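Next come the chains, spelled out residue by residue.
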Amino acid sequence: MRRHFQMFADYNRWANRRVYAACEDLSYEDYRADAGAFFGSIHRTLNHLLVADRIWMSRMTGQGEAPKALDVILFDDFSALRDARAAEDQRIIGFVDGLNDERIAGDFTYTTISNPTTITQPLGPVLSHVFNHQTHHRGQVHAILTSLGGPSLVLDLVYFLRSDGSRWM
């Protein structure tokens with residue numbers, strides 16, 4: 001399982017870079033406009049993804065900032081948000097690289113944010129959730145980008161595996 005999650009951590013980094021690159025040239029208005037996504041705008045959605053990853057990483061590692069709400073704006077500036085995203089992606093890669101199958105199969109305990117409840121579950125399904133959550137919200141950003149007339153991004157895992165991620169094949 002470790003290699004599987006390493007592939008997803010690398011894919012996650014790659015896909016985030018592509019999404020941020022596509023957002024770089026948006027106008028301030030388009031980037032911040034409420035487009036009907038769960039968190040409204042591209043800016044708020046990208047912030048949410050960073051918030052969620054910081055929460056999960058804090059839970060899994062016991063280290064780092066854990067925002068207290070899912071809709072916190074950590075960075076108002078696009079460049080600062082992009083740099084923080086890149087750093088968090090490297091943090092995730094480092095964390096996954098340090099895992100072994102025993103730890104992935106083992107339980108860990110955390111407290112939820114929205115409705116504080118203590119949960120104990122195996123780490124593996126949580127890691128799957130973290131990467132799936134990223135894909136879900138990146139899809140929302142992608143939909144907003146295409147609705148603005150932007151290019152349709154290729155974010156498929158198989159495309160990654162055939163290109164930058166060929167080492168995982």
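Only a predicted model underlies this, so the values are computations on that prediction, with no experimental measurement involved.

**A word on empty space enclosed by the protein**
- Evaluated as defined, the whole model comprises 1 cavity of 30 Å³ or more.
- Looking at the largest cavity, its volume works out to about 30 Å³.
- Among the secondary structure elements, those contributing two or more residues to the lining of the largest cavity are helix H3 (42-61) and helix H6 (123-147).
- By residue number, the principal contributor to the lining of the largest cavity is H3, which donates 4 residues.
- Looking at the lining of the largest cavity residue by residue, the classes come out as 6 nonpolar, no polar and 1 charged.

**Focus on the side chain of Asp89**
- Mapping Asp89 onto the fold places it in helix H4 (residues 78-97).
- Residue classification places Asp89 among the buried positions, given a relative accessible area of 3%.
- In terms of polar contacts, Asp89 uses its side chain to reach the side chain of Arg85, at 2.7 Å.
- In contact with Asp89, other than residues within four places in its own chain, are Asn12, Arg13 and Asn16.

**Here we look at the packing of helix H1 (residues 2-23) against H4**
- At a minimum axis separation of 9 Å, H1 and H4 run at an interaxial angle of 170°. The angle between H1 and H4 falls in the class roughly antiparallel. For the pair H1 and H4, contact is made by Arg2, Phe5, Gln6, Ala9, Asp10, Asn12, Arg13, Asn16, Tyr20 and Cys23 and by Phe78, Leu81, Arg82, Arg85, Asp89, Gln90, Ile92, Ile93, Val96 and Asp97, respectively.

**A look at the confidence of the model for the protein**
- Averaged over every residue, the pLDDT of the protein is 96; the share at 70 or more is 100%.
- Within the protein, strand E1 (residues 107-111) has the poorest average pLDDT of any element, 94, and H4 the best, 98.

**What to know about the layout of surface pockets**
- The volume enclosed by the largest pocket comes to roughly 230 Å³.
- Broken down by secondary-structure element, the contributors of at least two residues to the lining of the largest pocket are H3 and H6.
- Looking at the lining of the largest pocket, the element that brings in the most residues is H3, giving 5 residues.
- Considered class by class, the residues forming the lining of the largest pocket number 6 nonpolar, 6 polar and 1 charged.

**Overview of the nonpolar core**
- Ranked by internal contacts, the top residues of the largest apolar core, which has 23 residues, are Val19, Cys23, Ile42, Leu46, Val141 and Phe160.
- At the level of secondary structure, the elements contributing two or more residues to this core comprise H1, H3, H4, H6 and helix H7 (157-162).
- Looking at this core, the element that brings in the most residues is H1, giving 7 residues.
- Those residues in contact with Val141 that lie beyond four places of it in its chain are Val19, Cys23, Ile42, Thr45 and Leu46.
- Counting residues in each nonpolar core, the second largest holds 18 residues, with Ile104, Tyr110, Leu123 and Val130 among its members.

Rules and cut-offs
- Residues numbered from 1 in each chain as written.
- Predicted model: local features only at pLDDT ≥ 70, side-chain atom pairs only at ≥ 80, totals over all residues.
- Heavy atoms only, no water.
- 1 Å grid on protein atoms, 1.4 Å probe; cavity = no way out; pocket = protein on both sides within 12 Å on 5 of 7 lines; lining within 4 Å.
- Points joined across faces, edges and corners; volume = space filled by probe spheres on them.
- Helix = DSSP H or I, 4+ residues; strand = E, 2+ residues; numbered from the N terminus.
- Nonpolar A, V, L, I, M, F, W, Y, C, P; charged D, E, K, R; others polar.
- Buried < 20%, exposed > 50% of the residue type's maximum accessible area, 1.4 Å probe, protein only.
- Polar contact = N/O pair within 3.5 Å; in protein donor to acceptor, adjacent residues only side chain to side chain.
- Contact = heavy atoms within 4.5 Å.
- Axes fitted to C-alpha atoms, helices over the stretch in contact; angles between N-to-C directions.
- Parallel < 35°, antiparallel > 145°, perpendicular 65-115°, else oblique.
- pLDDT = per-residue confidence, 0-100.
- Core = buried A, V, L, I, M, F, W, Y, C linked by side-chain atoms within 4.5 Å.

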